[in-house]
Amino acid sequence: MACVFCKIAAGEIPAKVVQADDAVMAFHDIAPRAPIHVLVIPRKHIASVADSADGDRDLMGRMMQTARQVAEQLGIAERGYRLIVNVREHGGQEVPHLHLHVLGGKALGPMLARAT
Ligand code: AMP
């Protein structure tokens, strides 16, 4: 098993876990880009949204609900936060195991620079 997030899910690599259940885990990003930067992953290996199946619908819904709970738990829900999912190469995805970034703790500003 080479996948770093599978290893975190299996407890083989340490992580600062915020929340975990039988299907989903949330842990602090190792290189935070905001005062709060948490990653939400499915325990099951899904490489990206582009690799997910119709049968993953409930699991992906649970990831979103976990993000909401993490934001409440870490005190960023009221003022707001940003959820990001990078997909494959052009999306800037570096770790090929589906994950949801939860970013907050400050005003993050406009999301996108001009594409041109
Ligand atoms: P992405 O570019 O969307 O694939 O994001 C991958 C994220 O995983 C980056 O923000 C990394 O800082 C983070 N990351 C990589 N390895 C670890 C790790 N062992 N523990 C926590 N976060 C990690």
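Residues numbered from 1 in each chain as written. Predicted model: local features only at pLDDT ≥ 70, side-chain atom pairs only at ≥ 80, totals over all residues. Heavy atoms only, no water.

## As for the environment of Met63
- Tracing the chain through its elements places Met63 in helix H2 (residues 57-73).
- Met63 sits in the buried class, given a relative accessible area of 5%.
- Taking the C-alpha atoms as reference, Met63 lies 7.5 Å from Leu100; in sequence the two are 37 residues apart.
- Each residue touching Met63, except ones within four places of it in the same chain, is listed here: Val24, Val40, Ile41, Pro42, Leu98, His99 and Leu100. (Helix = DSSP H or I, 4+ residues; strand = E, 2+ residues; numbered from the N terminus. Buried < 20%, exposed > 50% of the residue type's maximum accessible area, 1.4 Å probe, protein only. Contact = heavy atoms within 4.5 Å.)

## Thoughts on the pattern of salt bridges
- Counted by the stated rule, this structure contains six salt bridges.
- Residue Arg62 pairs with Asp21 through a salt bridge whose shortest N-O separation is 3.4 Å. Pair noted here: Arg62 is in helix H2 and Asp21 is in the loop between strand E1 (17-20) and strand E2 (24-28), with a separation of 41 residues, a long-range link.
- Judged by relative accessible area, which is 35%, Arg62 ranks as partly exposed.
- One salt bridge connects Arg33 with Asp29, and the closest N-O pair in it is separated by 3.4 Å.
- Overall, Asp29 belongs to the buried group, its relative accessible area being 12%.
- The network of salt bridges with common partners includes Asp21, Asp22 and Arg62. (Salt bridge = Lys/Arg side-chain N within 4 Å of Asp/Glu carboxyl O.)

## Quick notes on the site of the ligand
- Close contacts around the ligand come from 17 residues, with Asp29, Glu94, Val95, His99 and His101 the closest.
- With respect to the ligand, the side chain of His99 contributes an N or O atom lying 2.7 Å from an oxygen atom.
- Alone, the ligand offers 500 Å² of accessible surface; in the complex the protein occludes 88% of this.
- Elements supplying a minimum of two residues to the shell around the ligand: helix H1 (4-9) and E2.
- Sort the elements by how many residues they give to the shell around the ligand and H1 lands first, with three residues.
- Here the shell around the ligand is composed, by residue class, of eight nonpolar, six polar and three charged. (Near = heavy atom within 4 Å. Polar contact = N/O pair within 3.5 Å; in protein donor to acceptor, adjacent residues only side chain to side chain. Areas by Shrake-Rupley, 256 points an atom, 1.4 Å probe, with all protein chains shown as cover. Nonpolar A, V, L, I, M, F, W, Y, C, P; charged D, E, K, R; others polar.)

## Things to note about the sheet that holds strand E4 (residues 81-84)
- Pairing is antiparallel across the open sheet formed by five strands, whose spatial order is E1-E2-E3-E5-E4. Looking at the sheet topology across the chains shown, the edges are occupied by E1 and E4. In this sheet, adjacent strand axes meet at a mean angle of 20° when their direction is disregarded.
- In this structure, E2 lies alongside strand E3 (residues 36-42), joined through five bridges in antiparallel fashion. Counterpart to Ala26 in the pairing with E3 is Val40.
- Strands E1, E2, E3, E4 and strand E5 (100-104) of the sheet are contacted by H2, whose axis makes an angle of about 155° with E3. (Pairing = 2+ DSSP bridges. Axes fitted to C-alpha atoms, helices over the stretch in contact; angles between N-to-C directions.)

## Comments concerning the pairing of E2
- With four of its five residues buried, E2 lies for the most part within the structure.
- Taken together, the three bridges between E1 and E2 define a ladder with antiparallel strand orientation. Bridging from a neighbouring strand, Gln19 pairs with Ala26 of E2.
- Where E1 folds back on E2, the antiparallel hairpin that results is connected by three residues.

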